[in-house]
Amino acid sequence: MTARVRPLFRWCCLCCLVSLWAAAAAADQEPDADDRITQVSVINALMLGRYDGTTTLSDLLAVGDFGLGTLDRLDGELIVLEGVAYQVRATGAVIEVDPETTSPFAVVTRFGADGELACPEGASLEAIDRFLDDKILERNNFVAIRIEAELATAVLRSVAAQERPYRPLAEVAKSQSVWRHERMRGTLVGIRSPQWTEGIAVPGYHWHFLSADRRVGGHLLECTVRTGTIRYDICGDWTVKLDQSRGFNAPDLGTDLRDEVEGVETRRGVPK
Ligand SMILES: [Zn+2]
C-alpha cells in the first residue's frame, strides 16, 4: 500500500467499525425493548391488599400494547390489546380506560409473535395450559400468549372497587362477579410466568379474555375452545416497577402465599 492510500484505508476501516458497532448496538437494544415484559408491583403486595394504583395506563401503554392486570382500588380486570386498555367492571361493563387511571398490578409487553400454533379443538383452559407446556419449552422465560378463538363456553370474573381499609385479595375474591357465556368469539390474553417468580408474579398461566365486539371480558377462569389460533411471544427481559411509597414496605412480601395466589388467579377460583 502506498503512503497516499494508507490514510484513506484507515478512514474506511474506521467507518466500517463505527457502522458495525452501531448495527450491533441496534441489534442489542431493539429486540430487548420488544421482548421486555414490564410488571407493576409484585403479586404478593396485591394479595395482601396493596390496591392503590401506582403507575398510569399511559406509562404502561408506552412500553406495551398487550397485557393484563387490575386497576386502582382493584376496580375490575384490565385487558390491554392492540394498544388499547379496557376495564371490565364488576357489573360486566367493558369500558376504555382513561390514560390517567393508575394500576396497582399489571403485566404488559409489545407483542411480536415468535411462533404460531393451532389450538386443540374442544380443549379446556387446563388442556390449553398443558398443550402450551409441551410446545413452548422456554419454561424459565416469560411468554405472552394471544389466542384468537371461537369459544363454546367461557367462565369470566371481575371484582368491584374496594374501600379502605383494604381486605386481602383472597377475602375479596369470595364476592367476585362470575359470568358464564356460550358461543363467543374473541381474544385470550395470556401471560405465562416462570415458576421461579413465586411471590413476585403469578407462576404459570394467567388468562384474561375480551370478546371480538369488546362488550364482554374479564379474568378467564374456564373455557372450552371450538377453534383457535395461538400466537406467542417469548420475552427475555423483565422489568418490575416497585411502589415507592412507605406503605409498600409495611407488609412482609416474603410470606408464602402460593395457595392464595393459586386460589384467586387460577380456575380453582370457579365457584361450584
Ligand atoms: Zn387476572
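Residues numbered from 1 in each chain as written. Predicted model: local features only at pLDDT ≥ 70, side-chain atom pairs only at ≥ 80, totals over all residues. Heavy atoms only, no water.

(A) Examining the overall build of the chain more closely. A count of helices and strands for the chain gives six helices and 14 strands. Counting over 272 residues, the chain shows a buried share of 46%. In the chain, once contacts between residues fewer than 6 apart in sequence are set aside, the share between residues at least 24 apart is 79%. Carbon together with sulfur atoms contributes 51% to the accessible area of the chain, which is approximately 13,600 Å² in total. (Helix = DSSP H or I, 4+ residues; strand = E, 2+ residues; numbered from the N terminus. Buried < 20%, exposed > 50% of the residue type's maximum accessible area, 1.4 Å probe, protein only. Contact = heavy atoms within 4.5 Å. Areas by Shrake-Rupley, 256 points an atom, 1.4 Å probe, with all protein chains shown as cover.)

(B) Spotlight on the coordination of the zinc ion. For the zinc ion, the protein coordination sphere consists of His206 (NE2), His208 (NE2) and His219 (ND1), at 2.1 Å. Every donor residue of the zinc ion comes from the same chain, spaced as H-x1-H-x10-H. The exposure class assigned to His206 is buried, which follows from its relative accessible area of 5%. For His208, a relative accessible area of 1% puts it in the buried group. (Donors = N, O, S within 2.8 Å, 3.2 Å for Na, K, Ca; no water.)

(C) Fine view of helix 4 (residues 125–135). Of all the positions in helix 4, only Leu125, Ile128, Asp129, Phe131 and Leu132 are classed as buried. Within helix 4, the buried residues cover an arc of 165° as seen down the axis, which keeps them to one side. Of the exposed residues in helix 4, those oriented more than 90 degrees away from the buried face are Arg130 and Asp134. The secondary structure elements touched by the buried residues of helix 4 are strand 9 (115–118), strand 10 (142–158), strand 11 (177–193), strand 12 (204–211) and strand 13 (217–235). (Arc of directions from axis to C-beta.)

(D) Structural detail: the confidence of the model for the chain. Across the chain, the average pLDDT comes to 90, with 86% of residues at or above 70. Here residues 12–18 is a poorly scored stretch, pLDDT under 50, and it has zero contacts once near neighbours within four places are set aside; other chains count. (pLDDT = per-residue confidence, 0-100.)

(E) Region of the structure containing helix 6 (residues 258–265). Burial in helix 6 covers these residues: Val261, Val264 and Glu265. All buried residues of helix 6 fall inside an arc of 80° around its axis, so they share one side. For helix 6, the elements touching its buried residues are helix 2 (43–47), strand 10, helix 5 (169–172), strand 12 and strand 13.

(F) A look at unusual backbone geometry. Following Arg164, the chain continues into Pro165 via a peptide bond in cis, with omega recorded as -5°. Position of Pro165 among the secondary structure elements: in the loop between strand 10 and helix 5. One non-glycine residue, Leu74, lies in positive phi territory at about 65°.

(G) Representation of the environment of Asn249 within the structure. Its location among the elements puts Asn249 in the loop between strand 14 (237–241) and helix 6. Along the backbone, Asn249 and Ala45 are 204 residues apart, and their C-alpha atoms lie at a distance of 9.6 Å.

(H) Up close: the pattern of salt bridges. A full pass over the atoms with the stated rule returns 13 salt bridges. Close ionic contact of Glu148 with Arg146 constitutes a salt bridge, the shortest N to O distance being 2.6 Å. In this structure Arg146 comes out as buried when scored by relative accessible area, which is 12%. Of the charged contacts in the structure, one is a salt bridge between Lys174 and Glu171, with a shortest N-O distance of 3.2 Å. The network of salt bridges with common partners includes Glu82, Arg146, Glu148 and Arg214. (Salt bridge = Lys/Arg side-chain N within 4 Å of Asp/Glu carboxyl O.)

(I) Seen up close, the sheet that holds strand 14. Taken in spatial order, the seven strands make up an open sheet running 6-5-4-3-8-1-14, and their pairing is mixed. In this open sheet, the two strands that pair with only one neighbour each are strand 6 (94–96) and strand 14. Direction aside, neighbouring strands of the sheet carry axes that sit 15° apart on average. The sheet contact formed by strand 5 (residues 84–88) and strand 6 spans three bridges and is antiparallel. Each residue of the ladder has a partner; that of Gln87, found in strand 6, is Ile95. (Pairing = 2+ DSSP bridges. Axes fitted to C-alpha atoms, helices over the stretch in contact; angles between N-to-C directions.)

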